[in-house]
Amino acid sequence: MDKKRVLSGVQPTGNLHLGNYLGAIRNWVEAQPDYDNYFCVVDLHAITVPHDPKQLAESSLAIAALYLACGIEPTHSTIFIQSHISAHSELAWLLNCVTPLNWLERMIQFKEKARKQGENVSVGLLDYPVLMAADILLYDADLVPVGEDQKQHIELTRDIVIRINDQFGKKKKPVLKLPAPLIREAGARVMSLTDGTKKMSKSDPSEQSRINLLDSPAEITKKIKRCKTDSFKGLEFDNPDRPECHNLLSLYMLLSGQSRDAVAAECAEMGWGQFKPLLADTVVAALEPIQTKYYEIMGDRASLEALLKAGREKAEVSANDVLDRVKTALGFSKPL
Ligand code: AMP
Ligand code: TRP
């Protein structure tokens, strides 16, 4: 039987952090032999908020290198850069014209980001989920592995598919494939180090709030030493009055590879003074091999670029095919 198709992506805005790793990329890596995978660097999404043109290309390469450093393997996965395939922008336009405005105005991420930006909100920021729908639909993806925060965008993608198939599909021949989110409970919401009720995010102005995959051991240790804790006795999961405690124990569990019960038992009697160095050492040890591999890959630009070219060539076949299908269904003439 053919493998199911997976598509996901990360924006090249700033550094990847533990939330991106544990909520998304690590899950892609673990499941990759079971699926036919497409992973893109979504650089078109990165310009929905103000960006630095001097850094965009380099950040995109860096994210692709981090995919590889985290364990994405070209034998199982096609890696490419979104803007290298023009079908993404083109399908987004076609989908725009069937997507009701109020569906986009409801998106939580839009409301949050728009609030932070005040006056300067672009149409692109509002339209962001439609471009994301195009990313997913161009590859006939069955599954989209993401963190919890992206669930609403995938539901919107599904609504768009249902609408297009309903308006333009034939009974037995839908135009677009209906995708589903793949959200693993563990790691789906990694929280900030400065506030255990807020998710760890690239856009938080405080560097102290997140651990980046490329932070040095000294930076990691310092951030964990200073992170927010509480004054309860012992450490425990799931106490609603102790969001920071739950988050830090979860990080320890996920990065040490131990079970929840084992971590709960090991840490039940610990104080923060004992736990923090243990967590710091665990994070440093988990990130060290990723960092070593990352610098190796970035040191061989020619190989990285060749890999992205091959990825683009393969991905383009599916993308152009689906774009054609949609244009035909919508009634466009073929180019003469
Ligand atoms: P972004 O940084 O917005 O491009 O997100 C890339 C991926 O990381 C998406 O699948 C997100 O759902 C996931 N992600 C981002 N922040 C977190 C977080 N704090 N916890 C878990 N997953 C996250
Ligand atoms: N919106 C996603 C995020 O911020 C990134 C993204 C863009 C994406 N296109 C996608 C994720 C397609 C999965 C599938 O995390």
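Worth saying up front: this structure is predicted, and the values here are computed from it rather than measured.

J.: In this structure, what is going on with the site of ligand 2? I would like to understand it.
T.: Taken together, 13 residues lie near ligand 2, and Gln 11, Tyr 128, Met 132, Asp 135 and Gln 150 sit nearest. At a separation of 3.2 Å, an oxygen atom of ligand 2 approaches a polar side-chain atom of Gln 11. Here Asp 135 contributes a side-chain N or O atom positioned 2.6 Å from a nitrogen atom of ligand 2. Against a free-state accessible area of 360 Å², the protein chains account for coverage of 91% of ligand 2. Counting only elements with at least two residues in the shell around ligand 2, the list comes to β1 (4–10) and α7 (123–137).

J.: What's the story with the site of ligand 1 in this structure? I'm lost.
T.: In the vicinity of ligand 1 lie 18 residues, with Asn 20, Gly 147, Asp 149, Val 190 and Met 200 positioned nearest. A distance of 2.8 Å separates an oxygen atom of ligand 1 from a polar atom in the backbone of Gly 147. Within the side chain of Lys 202, an N or O atom sits 3.0 Å from an oxygen atom of ligand 1. Across the complex, the protein chains shield 93% of the 480 Å² of accessible surface that ligand 1 would expose by itself.

J.: Just checking my understanding: could you explain the environment of Ser 122 for this structure?
T.: Along the chain, Ser 122 falls in the loop between α6 (108–117) and α7. Residues Ser 122 and Pro 50, 72 residues apart in the sequence, show an inter-C-alpha distance of 9.2 Å.

The rules behind each value
- Residues numbered from 1 in each chain as written.
- Chains lettered and ligands numbered in written order.
- Predicted model: local features only at pLDDT ≥ 70, side-chain atom pairs only at ≥ 80, totals over all residues.
- Heavy atoms only, no water.
- Near = heavy atom within 4 Å.
- Polar contact = N/O pair within 3.5 Å; in protein donor to acceptor, adjacent residues only side chain to side chain.
- Areas by Shrake-Rupley, 256 points an atom, 1.4 Å probe, with all protein chains shown as cover.
- Helix = DSSP H or I, 4+ residues; strand = E, 2+ residues; numbered from the N terminus.

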